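Each chain, letter by letter, is given below.
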Amino acid sequence: MHAAVYLSRAENILIPVLWITYGLFLLGFFYIPNGIDLYKFFTLTVFLPGLLMLPTGWCLLKSDHLFLLVLLYLGYMLASSCWSQPFTIKEFWHYLRLAAYIVMFILLMAVLRHKYADAFPALLRFLCTGAGVAAAVSILLWYQDHPFPSSRLVGLGILVNPNPSGLAYGCFAIVAAQLALRASALMERLFFLAIATVLCCFVWFTQSRTALIAVILALIFLGVSIHRDKSNLFFIGWLASILIGGSVFFGEALLTLFNRDISPRTIIWSSYLADVMQAPLFGHGYLNHLTVYVPAEDVTYDYAHSAYLAALRDGGVVGLLLMLTILLYAGRRALQIGNQSGDYLYLILLTYGMICMIPETDKLITRPRELWLILWLVLALIMTHHRAKA
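J.: Report on the state of the cysteines, specifying residues and quantitative values.
T.: Tallying each qualifying case throughout the model produces zero disulfides. You can see Cys201 has no disulfide; the closest cysteine sulfur is in Cys200, sitting 7.1 Å from it. For Cys201, a relative accessible area of 28% translates into the label partly exposed. Just so you know, Cys356 is unpaired, no disulfide at all, and the nearest cysteine sulfur is the one on Cys171, 8.5 Å from it.

J.: Got a sec to walk through the nonpolar core? Specific residues and values, please.
T.: Tyr352, Met357, Ile365, Trp376 and Leu379 are the most contacted members of the largest nonpolar core, which totals 134 residues. With 15 residues, helix α5 (residues 89–115) is the single largest residue contributor to this core.

J.: So, the packing of helix α4 (residues 65–79) against helix α15 (residues 370–383): which residues are in play, and what are the values?
T.: Close contact between α4 and α15 brings their axes to 9 Å; oriented N to C, the two are set at 145 degrees. Contact residues: α4 offers Leu66, Phe67, Val70 and Leu74, while α15 offers Trp376, Leu379, Ile382 and Met383. For the contact of α4 with α15, the class distribution of residues is eight nonpolar, no polar and no charged.

J.: Explain the pattern of salt bridges residue by residue, including any values.
T.: Applying the stated criterion across every chain, the model contains seven salt bridges. Two residues, Arg333 and Asp64, come together in a salt bridge whose shortest N-O distance is 2.9 Å. Separated by 269 residues along the polypeptide, Arg333 in helix α13 (residues 307–341) and Asp64 in the loop between α3 (54–61) and α4 bring together distant segments of the chain. Comparing Arg333 with Asp64 shows no difference in burial state: the two are buried. Residue Arg313 pairs with Asp314 through a salt bridge whose shortest N-O separation is 2.7 Å. Comparing Arg313 with Asp314 shows no difference in burial state: the two are buried. Several salt bridges converge on common partners, so that one network encompasses Arg313, Asp314, Asp362 and Lys363.

Definitions and limits used
Residues numbered from 1 in each chain as written. Predicted model: local features only at pLDDT ≥ 70, side-chain atom pairs only at ≥ 80, totals over all residues. Heavy atoms only, no water. Disulfide = S-S within 2.5 Å. Buried < 20%, exposed > 50% of the residue type's maximum accessible area, 1.4 Å probe, protein only. Core = buried A, V, L, I, M, F, W, Y, C linked by side-chain atoms within 4.5 Å. Helix = DSSP H or I, 4+ residues; strand = E, 2+ residues; numbered from the N terminus. Axes fitted to C-alpha atoms, helices over the stretch in contact; angles between N-to-C directions. Contact = heavy atoms within 4.5 Å. Nonpolar A, V, L, I, M, F, W, Y, C, P; charged D, E, K, R; others polar. Salt bridge = Lys/Arg side-chain N within 4 Å of Asp/Glu carboxyl O.

By themselves, these figures tell us nothing about what the structure is for.
This is how it looks when you write it as structure tokens:
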């Protein structure tokens, strides 16, 4: 009895603190310049205090099929380490810890949405605003020292490569556009429209083909999902102005973008597919160190440039099927949420992430990077939707 009372008091103190640190952690993707610092921030201010929330989070999600599928996938991929060559305890412990962080990230989302169901939309507004400000500052600072618009933009935060930077900011461009479309007040609509515009410009300037195509498709899907005439006209006019304006003012850069050579990726994919054929069913294990040398760049890659191919490489057909099962089941859940509420944001974000993972990213068990925003955050939102009030 005394222990239960103590735990309840601890939760009442910790949950408001975690509400703040969880939000700051997500915002840190766009402001903290060093990935190690963000990792440490998550460890010290989210993961460790969140351990006291494990019983509550488990009670909230223990019967959720999507959550259990994620646990199965993580468990299988970690188990595949046993047939990796070479196997090292140190490396296995590294991925085990990262998997625990991902699980904690999801469980705390459930706790926070259960506790702050009405306030949770405010967190999304806060994150979109923060990402929009980071995008605007990044554009101004970057092009003070680099040629505009030919150089590929990189943001302020931990994502120091244009491609993952574009994927992360593109995710919140979609959220900001949805907030603008569903806003009832004109000023709020105009505000988030401005945020979405800045974020779309950021994606454009990164010259990431994957992010740009995925954002455009997601925004079209978003426009189709809105069933209010005025909103549709409003959205069509905005999206058309973005596309036409970008083509007129940056048409040459756009042509350069889509004429860029993709042969390094084809070499990487074909080489890894050949490796897959050597262990097709169970893969080479999660700790494998398979690499690909690209002569044209004189660079050796240990990065598959496709999350699906990475799952096949590491876990074989079994690993890929588990991953696809998660994505398809999450898509079904997101579609049900959309049909019930009229809000298809989760389905759009999930589709965006699935498109982005075709030619980008690698292992799903990773430190806080773009995959935490385009995949794990979206899956957590879908799992915990029933914890939020309509």
